[in-house]
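# Structural overview for review
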Amino acid sequence: MPEQPYEPDGAIAGTGAGGAMDLAASEAQTLEKTPGGPLGTGPRGKPRSLWSDAWRDMRRNPVFIISALFIVFLVVISLWPSLIASGNPLNCDLAKAQQGSQPGHPFGFDGQGCDVYTRTVYGARTSVSVGVLATLGVAVLGSVLGGLAGFFGGAGDSVLSRITDVFFAIPVVLGGLVLLSVVVTNTIWPVIGFMVLLGWPQISRIARGSVITVKQNDYVQAARALGASNSRLLLRHIAPNAVAPVIVVATIALGTFISLEATLSYLGVGLKPPTVSWGIDISSASAYIRNAPHMLLWPAGALAVTVLAFIMLGDAVRDALDPKLR
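Keep in mind that what you see is a predicted model, and the values were worked out from it rather than measured.

## Some points on the overall build of the chain
- Check the secondary structure of the chain and you find 12 helices and two strands.
- Traced from its N-terminal end to its C-terminal end, the chain shows the element sequence β-β-α-α-α-α-α-α-α-α-α-α-α-α.
- Within the chain, buried positions represent 39% of all 326 residues.
- Of the contacts made within the chain by residues no fewer than 6 positions apart, 65% connect residues no fewer than 24 positions apart.
- Carbon and sulfur atoms form 65% of the exposed surface of the chain, whose accessible area is close to 17,900 Å².

Have a look at this one:
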């Protein structure tokens, strides 16, 4: 292979102390052809981002794999419950009330003669919908308010801090009993609105603290000195580097919102029949726990496993995104 001509511009290398040194032609070509780079870099010395490192760590974490697979399965049956349950959750036969497992009905029947298996499968749609929509609302509202307060500071930051203190003082279950007791609609939106109303302060405080930390970094100060606008600073420099804690908390909160919906439905102020919900089925089965424990076992077990999966997923994401744990 013929030797390539020596190019002076390609023969300059950093010394690590802010200077540069001239290299021989063969050494310069060797550095240029090296496919890898130093530790923490990809091919040809391209630095890896926090998100690529986090994704690599999560793929190697069995907790993340197991919880993610279960959540994907849960989402699929929430969108298309007829894939694994061919019956109608509202078709009941009082003659079969409280009966146990039978061919074609592995979970038995509830107090109204409804198939427990079908209701458990269809109940996933309601619980997952409430959890996802409430988490999205809380994440968006809390991130916007907390991020703006942390970035601009001043009187707006002080007012928002006092408002969040007020919301933190409100017990969630007691607030649900008071606010949702006057709602008569059977839709999921009042429950989602209540969760967003009382859930945004936590995300807001986390987003505020993360933005305050990130905006003090040198690259943000350099962008500001170069004339970057506030919107560019927020969207291009601060938000991508401050969103990791919000994602972690929101992932864990999703499971919390699912359990909160079941709690409120159990107390009779959340979702109401004919809506199919794990909380409603648990509430109906609690009176028959001695005679027909299967009525309580399956919806309660589905709720517990779902909440555990989201909490495990949040822990895995936290471990991958937190540099202090590396």
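## Overview of the state of the cysteines
- With the rule as written, the count across this model stands at one disulfide.
- In this model Cys92 forms its disulfide with Cys114; the gap between the sulfur atoms is 1.6 Å. Because the torsion about its S-S bond is 70 degrees, the bridge between Cys92 and Cys114 counts as right-handed. Highlighted residues: Cys92 in the loop between helix 3 (62-79) and helix 4 (116-152) and Cys114 in the loop between helix 3 and helix 4, separated in sequence by 22 residues.
- Of the residues examined, Cys114 reaches a relative accessible area of 4% and is grouped as buried.

## Some words on the nonpolar core
- In this structure, Leu74, Ile258, Trp278, Leu303, Phe310, Val317 and Leu321 are the most contacted members of the largest nonpolar core, which totals 29 residues.
- Counting only elements with at least two residues in this core, the list comes to helix 2 (50-59), helix 3, helix 4, helix 10 (244-266), helix 11 (278-285) and helix 12 (294-321).
- With 12 residues, helix 12 is the largest single contributor of residues to this core.
- Core analysis: the second largest hydrophobic core is formed by 26 residues, Val196, Ile203, Val249 and Leu264 among them.

## Here we look at unusual backbone geometry
- Note the cis peptide between Pro273 and Pro274, where omega equals 10 degrees.
- In this fold, Pro274 is placed in the loop between helix 10 and helix 11.
- Despite not being glycine, Gln98 shows a phi value in the positive range, around 65 degrees.
- Residue placement: Gln98 occurs in the loop between helix 3 and helix 4.
- Looking at Gln98, the relative accessible area reads 29%, which means it is partly exposed.

## Structural notes on helix 5 (residues 154-168)
- Given a rise of 1.5 Å per residue, 15 residues ought to cover 21 Å, and the 22 Å separating the end C-alpha atoms of helix 5 matches this to within 8%.
- All buried positions along helix 5 are accounted for by Asp157, Leu160, Ser161, Thr164 and Phe167. All buried residues of helix 5 project into a common sector of 125 degrees when viewed along the axis, lining one side. Facing away from the buried side of helix 5, by more than 90 degrees, are the exposed residues Ala155, Arg162 and Val166.
- Those residues of helix 5 that are buried are in contact with helix 4 and helix 7 (189-214).

## Some details on the packing of helix 4 against helix 5
- Here helix 4 crosses helix 5 at 140 degrees, and the two axes come no closer than 7 Å. Classed by the angle they form, the pair helix 4 and helix 5 counts as oblique. Here helix 4 runs over helix 5; the crossing is left-handed. Judged by residue contacts, Leu145, Gly146, Ala149 and Phe152 of helix 4 engage Gly154, Asp157 and Leu160 from helix 5.
- Looking at the contact of helix 4 with helix 5 residue by residue, the class counts come to four nonpolar, two polar and one charged.

## A look at a nonpolar patch on the surface
- Taken together, the side chains of Val172, Val173, Leu174, Leu177, Val178, Leu179, Leu197, Tyr266 and Leu267 define a hydrophobic patch exposed on the protein surface, amounting to about 720 Å² of accessible area.
- The leading source of residues in the nonpolar patch is helix 6 (residues 172-179), at six residues.
- Of note, Val178 is situated in helix 6.
- Residue Val178 is classed as exposed on the basis of its relative accessible area, which comes to 51%.

## Considerations on the packing of aromatic side chains
- Under the defined criterion, the tally for this structure stands at five aromatic pairs.
- Both rings, one in Phe107 and one in Trp298, keep their centres 3.9 Å apart while their planes meet at 5 degrees; by these two values the pair is stacked. On the criterion of sequence distance, the pair formed by Phe107 in the loop between helix 3 and helix 4 and Trp298 in helix 12 is long-range, its members being 191 residues apart.
- Judged by centre distance (5.5 Å) and plane angle (65 degrees), the ring pair of Phe167 and Trp200 falls under edge-to-face. Of this pair, Phe167 sits in helix 5 while Trp200 sits in helix 7, and the two are 33 residues apart along the sequence.
- An aromatic cluster of at least three residues, connected via ring pairs, comprises Phe107, Tyr117 and Trp298.

Conventions used here
- Residues numbered from 1 in each chain as written.
- Predicted model: local features only at pLDDT ≥ 70, side-chain atom pairs only at ≥ 80, totals over all residues.
- Heavy atoms only, no water.
- Helix = DSSP H or I, 4+ residues; strand = E, 2+ residues; numbered from the N terminus.
- Buried < 20%, exposed > 50% of the residue type's maximum accessible area, 1.4 Å probe, protein only.
- Contact = heavy atoms within 4.5 Å.
- Areas by Shrake-Rupley, 256 points an atom, 1.4 Å probe, with all protein chains shown as cover.
- Disulfide = S-S within 2.5 Å.
- Core = buried A, V, L, I, M, F, W, Y, C linked by side-chain atoms within 4.5 Å.
- Expected span 1.5 Å × (residues − 1).
- Arc of directions from axis to C-beta.
- Axes fitted to C-alpha atoms, helices over the stretch in contact; angles between N-to-C directions.
- Parallel < 35°, antiparallel > 145°, perpendicular 65-115°, else oblique.
- Left-handed = near helix turned anticlockwise from the far one by under 90°.
- Nonpolar A, V, L, I, M, F, W, Y, C, P; charged D, E, K, R; others polar.
- Patch = residues over 30% accessible without salt bridge, like charges linked within 9 Å, V, L, I, M, F, W, Y side chains within 5 Å.
- Salt bridge = Lys/Arg side-chain N within 4 Å of Asp/Glu carboxyl O.
- Phe/Tyr/Trp six-rings, centres within 6.5 Å; stacked < 30°, edge-to-face > 60°.

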